[in-house]
Each structure stands twice: as C-alpha cells, then as structure tokens.
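What follows is each chain in one-letter form.
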Amino acid sequence: MTGGRTSRRGSGDVGARFWNRVAHRALGGFKVRREAPIGPYVVDFLFEEARLVVELDGDQHRSPRGLAHDRARDAFLRAEGYAVLRFPNARVREDMDGVLGEVMEAARLQTPAS
C-alpha cells in the first residue's frame, strides 16, 4: 500500500492534536475519519461529506521524492473528486486555529447543498 501509516509516524503528536480538535464532529459538525483509505492511498484525515482530504506534512514531504509522490497522490485524489489541503506540521503546531479555520471554510465550500 502506497502512503501507508508508517509515513505518518513522525507527525504523531501534531496529528493527535489535530484529531482532538476535529473528532466527534467537533469542527462544524463534519464527520472526520483518520487514516482513511482512498484507492491505493491512506490519507491523514478525510471529511467525507465534503470530499475533503487534509494532509499534515512532516519533513519527508520536502524532499524531491516526497514532493513528487505528493503531486501524484494529490492528482489521483483530485481526479477522484476530492479537494486536498496540505499543511506543514510546523504550521499546525504554531497556528492550529488558523489551520482549522481554513479547513472549516474548505469543508463548507466543498459540501454539496442539501
């Protein structure tokens, strides 16, 4: 499986902090799944109703190989109808409220009208 759980271990505390803020519909009532499979990938966070993927990126995403992998992964996800937001771990640590605000806005824009 490409992009599996092992690649996320380095961002554990950031991922756990983010999860604590979005779990149990805590962010705008949106249901969120953590480490959700989509095709050959496992995404960090999936806002299902909004078809929004949120990725928290550690240092490995800055290498040429990591950047190429992320581009291919994002292209696949977008082709499947998902919007993708990526945030560096440092930004999440330093500006959690700002990140959550961006995620909330994107989730609202992506959610189909009832």
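Reference entry: report on the structure contained in this document. (Residues numbered from 1 in each chain as written. Predicted model: local features only at pLDDT ≥ 70, side-chain atom pairs only at ≥ 80, totals over all residues. Heavy atoms only, no water.)

So, the environment of F45
Rules: Note on conventions: DSSP H or I runs of at least 4 residues are helices, E runs of at least 2 residues are strands, and numbering of each starts at the N terminus. It only takes one pair of heavy atoms within 4.5 Å for two residues to be counted as in contact.
Position of F45 relative to the elements: it lies in strand β2 (residues 41–47). If we ignore the near neighbours within four places in the chain, the residues touching F45 are G15, F18, W19, V32, R33, R34, L52, V53, V54 and L56.

As for the side chain of D57
Let me state the cut-off plainly: Burial classes: relative accessible area under 20% of the type maximum marks a residue as buried, over 50% as exposed, and values in between as partly exposed (1.4 Å probe, protein chains only). Two N or O atoms form a polar contact when they lie within 3.5 Å of each other; inside protein one atom must be a possible hydrogen donor and the other a possible acceptor, and for residues adjacent in sequence the pair counts only when both atoms belong to side chains.
As for its placement among the helices and strands, D57 is situated in strand β3 (residues 52–57). Since its relative accessible area comes to 12%, D57 is described here as buried. In terms of polar contacts, D57 uses its side chain to reach the side chain of R86, at 2.7 Å. The residues touching D57, leaving out its near neighbours within four places in the chain, are D70, R86, F87, P88 and N89.

Quick look at unusual backbone geometry
We note that H24 has phi near 60°; this positive angle belongs to a residue other than glycine. Tracing the backbone shows H24 in the loop between α1 (12–22) and β1 (32–38). Phi is positive for E35, close to 50°, though the residue is something other than glycine. With respect to the helices and strands, E35 occurs in strand β1.

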